[in-house]
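Residue-level listing of the chains:
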Amino acid sequence: MVGIFQSWNIALSIFNLCLISAVMTMGANIQWGYAGLINFGIMGYTALGGLAAVLISVDPVQEAWRAGGFDILMSLWLIVVMVLVIRFILKRFEKSKIRTYSIAAIIISGILLIRFSAEPGIEAIEAVDPAKTGFLGGFGLPIIFSWIVGALFAGGLAFIVGKVALGLRADYLAIATLLISEIVIAIIKHEDWLTRGVKNVIGLKRPAPYEVDLQTTDWFIKLVEKFNAGKLSVIENLADRQAALNQLVIEGSSVFVKLCYSGLFLVVVIILLILTQKALYSPWGRMMRAIRDNEEAANAMGKNVVKQHLLIFILGSAIVGVAGAMLVTQDGLFTPGSYRPMRYTFLIWVMVIVGGSGNNFGAILGGFVVWFLWIEAAPISLFLINFFTAGIPETNALKAHLIESVPYFRFLLMGLGLLFIMRYRPKGILPEKIEIK
Amino acid sequence: MDFVNAIILLLNYIFIPALTYGSQLALGAIFVTLIYGILRFANFATGDMMSFGTMATILFTWYFQSLGVSLGVLPTALLAIPFGIIFMILYMLLIDKFVFKYYRHQKSPPVQFAMVSIGVMFVTQAVVRIIIGPGDRRFFDGEKFIIKAREFKEMTGLNEGLALKSTQVLTIFVTIVLVSLLFWFLNRTKTGKSMKAYSDNEDLALLSGIDPKKIVLVTWVIAGILATIGGALYGLDKSFKPFTYFNNMLPIFAAAIVGGIGNPFGAFLGGYVIAFSEILLTYAYKKFFMYVLPESMEPNSLVQLLSTDYKFAVSFSILVIVLIYRPSGIFKGKVL
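Residues numbered from 1 in each chain as written. Chains lettered and ligands numbered in written order. Predicted model: local features only at pLDDT ≥ 70, side-chain atom pairs only at ≥ 80, totals over all residues.

J.: Before we move on, could you go through the overall build of chain B and cite the residues and values that matter?
T.: The number of helices and strands found in chain B is 13 helices and two strands. Here chain B has a C-alpha radius of gyration of 21 Å; the compact-globule value for 336 residues is 20 Å, and the two agree. A principal-axis box enclosing the C-alpha atoms of chain B has dimensions of 70 × 55 × 35 Å. Looking at chain B as a whole, 45% of its 336 residues qualify as buried. The long-range fraction of contacts in chain B, counting pairs at least 24 apart against all pairs at least 6 apart in sequence, stands at 75%. (Helix = DSSP H or I, 4+ residues; strand = E, 2+ residues; numbered from the N terminus. Rg over C-alpha atoms; globule rule 2.2 N^0.38 Å. Buried ≥ 20, exposed ≤ 12 C-beta atoms within 10 Å, placed from the backbone. Contact = placed C-beta atoms within 7 Å.)

Next comes the structure, spelled out in C-alpha cells:
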C-alpha cells in the first residue's frame, strides 16, 4: 500500500524493519507469553546484538592492538581471576557475614585494580587516529556471523541478569531489567576503546551487494530493462530512453539491495517461527505454560522452575540479540546514542501486547502492525489534521502548531492503541490458542 | 586555611548539588511509593506525569509573565505552581477514571497495571510534546544567585568560591516544608491514617469502614501535588525537557525501591542516598586532596572513582545490589 502511495523503496525499508521488529517481538513473546517473565531490558540486548555486529565485521585496528591490546587482555585476565576467586569462596565457605564482606572487598579492589591496569591501555587505544578508529576494531569476519554471536552475547548477559534478578516479583523484575539495560547502554556509550561510543561506527560490511556496484553490473541493468520494457518502449527518443533507464537502474538498485535484506530477514523469521511453534507444542512448551499458570503446582510436580525460567530468559534474550545484530546489519552503522527505552523496550512491548502474547503469529502480526503504524502515524495524523481543519486558514496558530507537532502523534496512537487493546481485548489481536489433543 | 578551602570545595560541588538533586528525587520517589503502596502498582508514567505538571506550571508562568505579574526576586513559577497542581490533579483523576479504575475493580495483577501505566506513559508523553514541544525550556526568572562565587571569595578571602543558587535553596526549603506537611498528614490526621491502614491491609481497612474511593482520590491529589512541585523544582533548577523527565523516572524508581517501596519516609531518604552516591562516586577529588594533603603527596590523576558518564549507572547498580540482598529496601518497606 505504501509502495503505491509513496515509493517501493520506503515500503521495503518499512517491511525490513517490520521483520526485525517481528524477531524482537518473538523474543519478548517467548519470555512473556510462554513463561510469564517480564523483561523490560530489550533495549540492552538489542544493543549487545548491535555490538556483536561491530565486533565481528570491522577489521581489527592493528595499531590500537599494539598500543593497548596487552593492557586490555591483562584486565580481561584479571576479571576472569576475580570471578574464579569469588566462585571458589562461594563454594568453600559457609554463608556468613565475613564471606559477604570479603566478596564485596574482592569486587571493589578488583575494580580498582582493573581501572588502574587498563587506564593507560584505554588511553593509548583511544588516541590512535581518534577521528577514524580509536578503538580495537573487530575480527573482520562477514557480518552474517554476528547474528549468531549477537545471540551469544545477549544470552550471556541474560544468564547473568537472570541469575541475579529472576527471583524478584514481576513488577520488580520489570524495573530491575529496565535499569540493567540502561547500565548496558551506559557502558556501550562510554567505553570508547570497545565501541567508539557516541562517535558511532559507520560503514559496516554488508551481506548484500552495494548499490554503486549494481548500477554498473550488466546483468542487473538488463534485468531492470526487462522489467520496465513496457514503460521504456513508450519513450521514442533514444537519449531520453537511456536517461530514463539510468534513473530506473538507480532506483532499482536500492530496491534490489533492500530485497536482498528482506530475503535474509525472512529466512530468520521463518526459521524462528518454525522453532518456536515446535517448542510451543512440545512437552517443553506445555511445561512452560504449566509453570506460568501455576508455579507452585509445577514445582510440586518436580519441575525445576528456577532453571526453566533462567533457560527461557536466556533463549528469549538471545533472539532479541539476533534482532539487534540484524538491525545494525541493515543500517550499516552502529549508533549507541540511538538506543532509547521508548523505541527499543516499550514499543516492543506494545507489539507483544497488541499482537497477542503467547501466540507466535500474534507476535509477528504485532511487529508488523505496530511498526507500520509507528512509521505511518505522522503522515496519517497530518492527513487527519488537514482534513478536520480544512476550513481554518493556513495562518491559524493552532493549526500551524498541530502540524508542527505531527511527529508526536505516534506516541498518542501507540498509547491509545495499547490502552484499548488492554481494555477490550486483553489477550491481543491473535489470542493464545492451546490445542488440547 | 587549606582545610577550610577543602570543606568549601566539597560543599560547593558535592553537598549542595546533591542535596538539591536528592530533594527533587525524594519528591518523585514519595509519589512512586504512595502509588505503589495504595494503588498497588509500579507507575511507569511517573516521569511523564511530572513533566505534565511542569508543563502546566510553565504555561501558567508564561501567562503571568505576559500579564506582567511577578514576585520580584522569586521566580514567577512559584505563583503558577498551584494552578499547575490543579491541572495535574484533574489530569490524574481523568486518567484514573478512564483507565486505572477498571483494572482496580477487576482486581488485576500488578503486572497488568504496570502495562497499562505504560500506555498512560505513551499518551502523556504525546500530550506534553504536542502541547509544548520536545525542546529545552527555561522558565526561571528573578534573582539567580543568593551568594555568588566571586563575592564569596572576596568576602572571606578564601581560594574556593561558594555559589548558592536561589533555586537550590528554594528546592531544599520547599521539599522540607512539603515533606513535613505530608508526614504530618499521614501520621496525624484520620484520612492519613486510613490511607496507611489501606496500604497495610486492604481487606481489613475496608471492613473497618474506610471508603476506598476517598482513599484513591486523596492519593491522586497528594500524588499530583508531589509530581507538580517535584517536576517544577527540577525544571527551575535545571531546565524542562520532556525526555529528561522520562529518564528521571529511573533514578526515582531506584530511590523509591532503595528506601523500601511503600514506605514514604524510606523513599524520602532514598532520594538522598541515590543523589549523594551518584555525586560522591563520580566527583574528581584531585583538588580536594591538593588542599588536604601535603604537597609531596599530591595525586597525579583526577582521583575519580567513576567517570561522570556513569552517573545513572551508579544509582542503578545500587538498586540492583539492594534488590538482591535486601529486597524490602534499606528501611523496611513491603516485603516482596
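J.: Mind laying out the overall build of chain A, listing which residues take part and the relevant values?
T.: A tally of helices and strands in chain A yields 19 helices and zero strands. Projected onto the principal axes, the alpha-carbon positions of chain A cover approximately 90 × 60 × 55 Å. Scored against the burial criterion, the 437 residues of chain A give a buried share of 41%. For chain A, restricting intrachain contacts to residue pairs at least 6 apart in sequence, the fraction spanning at least 24 positions comes to 84%.

J.: Before we move on, can you summarise the interface of chain B and chain A with the specific residues and values?
T.: Listed as interface residues are 36 residues of chain B and, on the opposing side, 33 residues of chain A. Grouping the amino acids of the side of chain B that touches chain A by side-chain chemistry returns 29 nonpolar, five polar and two charged. (Nonpolar A, V, L, I, M, F, W, Y, C, P; charged D, E, K, R; others polar.)

J.: Which residues make up the confidence of the model for chain B, and what values go with them?
T.: Residue and element names in this part refer to chain B. For chain B, mean pLDDT is 86; residues scoring 70 or higher make up 96% of the total. Ranking the elements of chain B by mean pLDDT puts helix 12 (residues 286-292) last, at 76, and helix 9 (residues 212-237) first, at 93. Two summary scores accompany this predicted model of the complex, namely pTM at 0.87 and ipTM at 0.86. (pLDDT = per-residue confidence, 0-100.)

J.: Tell me about the domain arrangement of chain A, and please be specific about residues and values.
T.: Residue and element names in this part refer to chain A. Partitioning chain A into domains gives domain 1 (30-60 + 141-206 + 264-338), domain 2 (63-136) and domain 3 (340-437). Distance between the C-alpha centres of domain 1 and domain 3: 24 Å. Sorting the residues of the side of domain 1 that touches domain 3 by element identifies helix 2 (8-34), helix 3 (42-57), helix 7 (170-190) and helix 12 (238-280) as the ones contributing at least two each. A total of five residues in the side of domain 1 that touches domain 3 trace back to one element, the largest contributor, which is helix 12. In the side of domain 1 that touches domain 3, the residues fall into nine nonpolar, six polar and no charged. (Domains from an automatic or database assignment.)

J.: Describe the nonpolar core, naming the residues involved and giving the relevant values.
T.: Among the nonpolar cores identified, the biggest contains 200 residues, and Val23 and Leu179 of chain A together with Ala254 of chain B are the most heavily contacted of them. Shared between two domains, this core takes at least three residues from each, and those domains are domain 1 (30-60 + 141-206 + 264-338) and domain 3 (340-437) of chain A. If you look at the next biggest cluster of nonpolar residues, it comprises 11 residues, including Val61, Ile122, Ile125 and Trp193 of chain A. (Core = buried A, V, L, I, M, F, W, Y, C linked by C-beta atoms within 7 Å.)

J.: Report on the packing of helix 16 (residues 341-355) of chain A against helix 19 (residues 409-424) of chain A, specifying residues and quantitative values.
T.: Residues and elements named next belong to chain A. With their axes 10 Å apart at the nearest point, helix 16 and helix 19 run at an angle of 35 degrees to one another. Seen along the crossing, helix 16 lies across helix 19 with a hand that is left-handed. In contact with Leu347, Val350, Ile353 and Val354 of helix 16, helix 19 contributes Met414, Gly417, Leu418, Ile421 and Met422. Residues that form the contact of helix 16 with helix 19 fall into these classes: eight nonpolar, one polar and no charged. (Axes fitted to C-alpha atoms, helices over the stretch in contact; angles between N-to-C directions. Left-handed = near helix turned anticlockwise from the far one by under 90°.)

J.: Mind laying out helix 7 of chain A, listing which residues take part and the relevant values?
T.: Residues that lie three or four places apart on an α-helix share one face, since the helix turns once every 3.6 residues. Helix length check: helix 7 of chain A, at 21 residues, gives a terminal C-alpha distance of 30 Å against a target of 30 Å (1.5 Å per residue), a fit within 8%. In terms of residue burial, helix 7 of chain A counts as a mostly covered element, since 16 of its 21 residues are buried. (Expected span 1.5 Å × (residues − 1).)

J.: How would you explain the packing of helix 2 (residues 46-67) of chain B against helix 3 (residues 77-106) of chain B if you had to name every residue and give the values?
T.: Residues and elements named next belong to chain B. Closest axis-to-axis distance for the helix 2/helix 3 pair is 7 Å, and the angle between their directions is 135 degrees. Put simply, helix 2 runs oblique to helix 3. In this structure, helix 2 crosses over helix 3, and the sense of that crossing is right-handed. Where helix 2 abuts helix 3, its residues Met49, Phe52, Gly53, Ala56, Thr57, Phe60, Thr61 and Phe64 lie against Ala77, Leu79, Ala80, Ile81, Phe83, Gly84, Ile85, Phe87, Met88, Tyr91 and Met92. Partitioning the contact of helix 2 with helix 3 into residue classes produces 15 nonpolar, four polar and no charged. (Parallel < 35°, antiparallel > 145°, perpendicular 65-115°, else oblique.)

J.: Residue-level account of unusual backbone geometry, with values.
T.: With the exception of glycine, the majority of residues adopt a negative phi angle, and the majority of peptide bonds are in the trans configuration. All names here are of chain B. One non-glycine residue, arginine 40, lies in positive phi territory at about 65 degrees. Along the chain, the position of arginine 40 falls in the loop between helix 1 (2-39) and helix 2. At lysine 107, a residue that is not glycine, the phi angle is positive and equals roughly 55 degrees. Tracing the sequence through the fold places lysine 107 in the loop between helix 3 and helix 4 (110-132).

J.: Just give me the short version of the environment of glycine 155 of chain A, but keep the residues and values in it.
T.: Residue and element names in this part refer to chain A. Among the secondary structure elements, glycine 155 is positioned in helix 6 (residues 145-165). Judged by the 22 C-beta atoms lying within 10 Å of it, glycine 155 falls in the buried class. Other than its neighbours up to four places away in sequence, glycine 155 contacts Ile314, Ser317, Ala318 and Gly321.

J.: Could you give an account of helix 5 (residues 97-127) of chain A, with specific residues and numbers?
T.: All names here are of chain A. An ideal rise of 1.5 Å per residue puts 45 Å on 31 residues; helix 5 measures up with 44 Å between its terminal C-alpha atoms. Of all the bends found along helix 5, the most pronounced is centred on alanine 118 and spans about 40 degrees, while proline 120, a proline, follows it within four residues. When we look at burial in helix 5, the residues that qualify are Ala118, Gly121, Ile122, Ile125 and Glu126. In the core, the buried residues of helix 5 are packed alongside helix 4 (62-92) and helix 8 (192-195). (Bend = angle between axes of the 7 residues up to and from the residue.)

J.: Got a sec to walk through the environment of leucine 162 of chain B? Specific residues and values, please.
T.: With respect to the secondary-structure elements, leucine 162 of chain B resides in the loop between helix 5 (149-156) and strand 2 (164-165). Apart from the residues within four sequence positions on either side, leucine 162 of chain B is in contact with Ile8, Leu11, Asn12, Ile147, Ala149 and Phe152 of chain B.

J.: With reference to specific residues and values, describe the environment of isoleucine 250 of chain A.
T.: Residue and element names in this part refer to chain A. By the element assignment, isoleucine 250 lies in helix 12. With 15 C-beta atoms counted inside 10 Å, the residue isoleucine 250 sits in the partly exposed group. For isoleucine 250 and threonine 216, which are 34 residues apart along the polypeptide, the C-alpha to C-alpha distance reads 9.9 Å.

J.: Tell me about the confidence of the model for chain A, residues and numbers included.
T.: A residue-level look at chain A finds 97% of positions with pLDDT of 70 or above and a mean pLDDT of 84. Looking at the elements of chain A, mean pLDDT is at its lowest for helix 1 (residues 2-5) of chain A, recorded as 58, and at its highest for helix 15 (residues 305-331) of chain A, recorded as 92.

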